[in-house]
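Breakdown of the fold
Here is what each chain is made of, one letter per residue.
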Amino acid sequence: MTRVPPDAEARRAVPPVICYPNETLPQPDMALYRGALAGALPMASVMAAPRDACHFRVSAGQFFRIRSVEGPQVGDLNLWNADDLSERFYSGKTRALHGTHVSTGERLWSSFPHLRPMATIVEDTLDWYGIDAFGGSVHDVIGTRCDPYTGNLLSGSQYHHCCHSNLTRALADATGLPLRQAEAHVHDVLNVFMCTGFTRNTGQYFMKASPVRPGDALTFFAEIDLLGALSACPGGDCSSEHSSDTAACFPLEVEILAPAEGALAGWQPPARNGYDRSHGR
Ligand SMILES: [Zn+2]
């Protein structure tokens, strides 16, 4: 049995310090992006079918909008540099920089050694939700993605329409890679529209019914040329369970929008990270 030290309460009372104060992060020019979005026109749209994923390409300087249609539905998003799959969305570092959930003005950062913004959130119709009494909020970067391996570990199942598998098939379709190779590029997601948090008493990851309704949307500015894949999670609105065919599921739309000529005058895609990679040698 561990002995509680006499100054236990004093140690617990030490105030927290933010790990990564983000005031020095390069700030997106939101006025420029908003102006460009106001005059942008839809170019294309694809639909992720329920319990399946779609893929899409969006050029640097364009927008993509993930929209709820038909019914409440959560989406699992993966992003890659369209020309280099090794540069992909880094959920953990995005969490470290912005917090557990992301909204307007925050960015999706790419993996090492690139570590630059891949996309910036320019509109979020669920930004009214805030943080609820359970500590829950929407659009998290704390979950991983539902996957058949964890399902197998916990219940011995063989379920093939978890977001991990949906994203694997979508990337294989987009690139022509065999499934096993495509799978290696699938990564932790942005949980679009999902409402999640950690329980205060046990620290466990929780989900609850998403507040999303048809017409709600999350809109991104593409900072670099992107290949994206979006899975309409088998959990539906994630109010009860995932990794099965039990929940009511709905499609999700991804719309690509192009700004008017000249609307981004002076804007340039972000450079790769400036660390020299010598690692002390
Ligand atoms: Zn899922």
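Per-chain numbering applies: the sequence of each chain, read as written, is numbered from 1 onward. Local features are withheld for residues below a pLDDT of 70 in this predicted model, meaning they are given only at 70 or higher, and side-chain atom pairs are given and counted only at 80 or more; totals for whole chains, interfaces and linings count all residues.

1. Focus on the overall build of the protein chain
Helix and strand counts for the protein chain come out as six helices and 13 strands. On the principal axes, the C-alpha backbone points of the protein chain span a range of 70 × 45 × 45 Å. Out of the 281 residues in the protein chain, the part that is buried amounts to 40%. Residue pairs in contact within the protein chain that sit at least 24 positions apart in sequence constitute 73% of those at least 6 positions apart. Helical segments are the DSSP runs of H or I of at least four residues, strand segments are the runs of E of at least two, and each set is numbered from the N terminus. Once C-beta atoms are placed from the backbone, each residue is buried if 20 or more other C-beta atoms lie within 10 Å of its own, exposed if 12 or fewer, and partly exposed for counts between those two. By definition, residues are in contact whenever their C-beta atoms, placed on the basis of the backbone, come within 7 Å of each other.

2. Focus: unusual backbone geometry
With the exception of glycine, most residues fall at negative phi, and the peptide bonds are largely trans. The omega torsion across Phe112 and Pro113 is 0°, close enough to zero to call that bond cis. If you trace the backbone, Pro113 turns up in the loop between β6 (107-109) and β7 (117-124). Phi is positive for Leu115, which is not a glycine, with a value near 35°. You can see Leu115 is positioned in the loop between β6 and β7. Although it is not a glycine, Phe193 sits at a positive phi angle of roughly 70°.

3. Here's the deal with helix α5 (residues 163-175)
Given a helix with a known number of residues, its expected span is that number minus one, times 1.5 Å. The first and last C-alpha atoms of α5 sit 18 Å apart over 13 residues, in line with the 18 Å expected at 1.5 Å per residue. Buried residues along α5 sit against β2 (53-58), β4 (75-81), α4 (148-155), α6 (179-183) and β12 (226-232). Backbone geometry just downstream of α5 places Gly176 in the positive-phi region, at approximately 80°.

4. Here's the deal with the pairing of β4
A large share of β4 lies buried, amounting to seven of its seven residues. Covered by surrounding structure in β4 are Gly75, Leu77, Leu79 and Asn81 together with Asp76, Asn78 and Trp80, the residues of both alternating faces. Direction of pairing for β4 relative to strand β9 (residues 190-198): antiparallel, over a ladder of three bridges. Among the inter-strand pairings, Asp76 is bridged to a residue of β9, identified as Asn191. Should DSSP find at least two bridges between two strands, the strands are taken to pair. Pairing of β4 with β12, which is carried by seven bridges, proceeds in the antiparallel orientation. When the bridges of β12 are listed, Leu79 appears paired with Gly228. Bridging between β4 and strand β5 (residues 84-88) involves two bridges; their strand directions are antiparallel. Counted as the bridge partner of Trp80 is Arg88 from β5. Between β4 and β5, which pair antiparallel in sequence order, lie two residues.

5. As for the sheet that holds strand β13 (residues 252-258)
By definition, the strands of a sheet pair up through backbone hydrogen bonds, in either a parallel or an antiparallel sense. Ordered by their spatial adjacency, six strands build an open sheet running β1-β13-β3-β11-β7-β6, and the pairing between neighbours is antiparallel. Edge positions in the open sheet fall to β1 (41-48) and β6, since each of these has one partner strand only. Between one strand axis and the next, the sheet turns through 25° on average, direction left out of account. Relative to strand β11 (residues 217-222), β7 runs antiparallel, the two being bridged by five bridges. Paired with Asp124 across the bridge in β11 is Leu218. The axes used here are C-alpha line fits, helices contributing only the stretch in contact, and every angle between their N-to-C directions lies in the interval 0 to 180 degrees. Across the sheet, helix α2 (residues 30-38) touches β3 (63-68), β7 and β11, and the angle it forms with β7 is around 65°.

6. Digging into the UniProt feature "domain: DUF1989" (unreviewed entry) in the protein chain
UniProt positions are given in the numbering used here, feature names are shortened, and annotations may be inferred rather than shown by experiment. UniProt tags residues 49-227 as "domain: DUF1989" (unreviewed entry). Secondary structure over residues 49-227 splits into 19% helix and 34% strand, and the C-alpha atoms at its two ends are 18 Å apart.

7. A look at the environment of Met30
Relative to the elements of secondary structure, Met30 occurs in helix α2. Linking Met30 and Ile142, residues 112 residues apart in sequence, is a C-alpha distance of 25 Å.

8. Notes on the nonpolar core
For this entry, the nonpolar core is defined as buried Ala, Val, Leu, Ile, Met, Phe, Trp, Tyr and Cys residues connected by C-beta atoms within 7 Å. Core analysis: the biggest nonpolar cluster contains 61 residues, and Ala222, Leu226 and Leu230 have the highest contact counts within it. Those residues in contact with Leu226 that lie beyond four places of it in its chain are Arg57, Val58, Leu79, Trp80, Ala82, Met118 and Ala119.

9. Some words on the environment of Thr202
Here Thr202 is to be found in the loop between β9 and β10 (205-208). Counting along the chain gives 31 residues from Thr202 to Cys233, while the straight-line C-alpha distance between them is 26 Å.

10. Section: the environment of Arg67
Mapped onto the secondary structure, Arg67 falls in strand β3. Looking at Arg67, the number of C-beta atoms within 10 Å reads 21, which means it is buried. Separated by 188 residues in the primary sequence, Arg67 and Glu255 place their C-alpha atoms 7.8 Å from one another. With near-sequence residues (within four places) excluded, Arg67 lies in contact with Ala217, Glu253 and Glu255.

11. A word on the pairing of β3
Along β3, five of the six residues are buried, which leaves the element largely enclosed by surrounding structure. The sheet contact formed by β3 and β11 spans five bridges and is antiparallel. Paired with Arg67 across the bridge in β11 is Ala217. Where β3 lies against β13, six bridges are found, and the strand directions are antiparallel.

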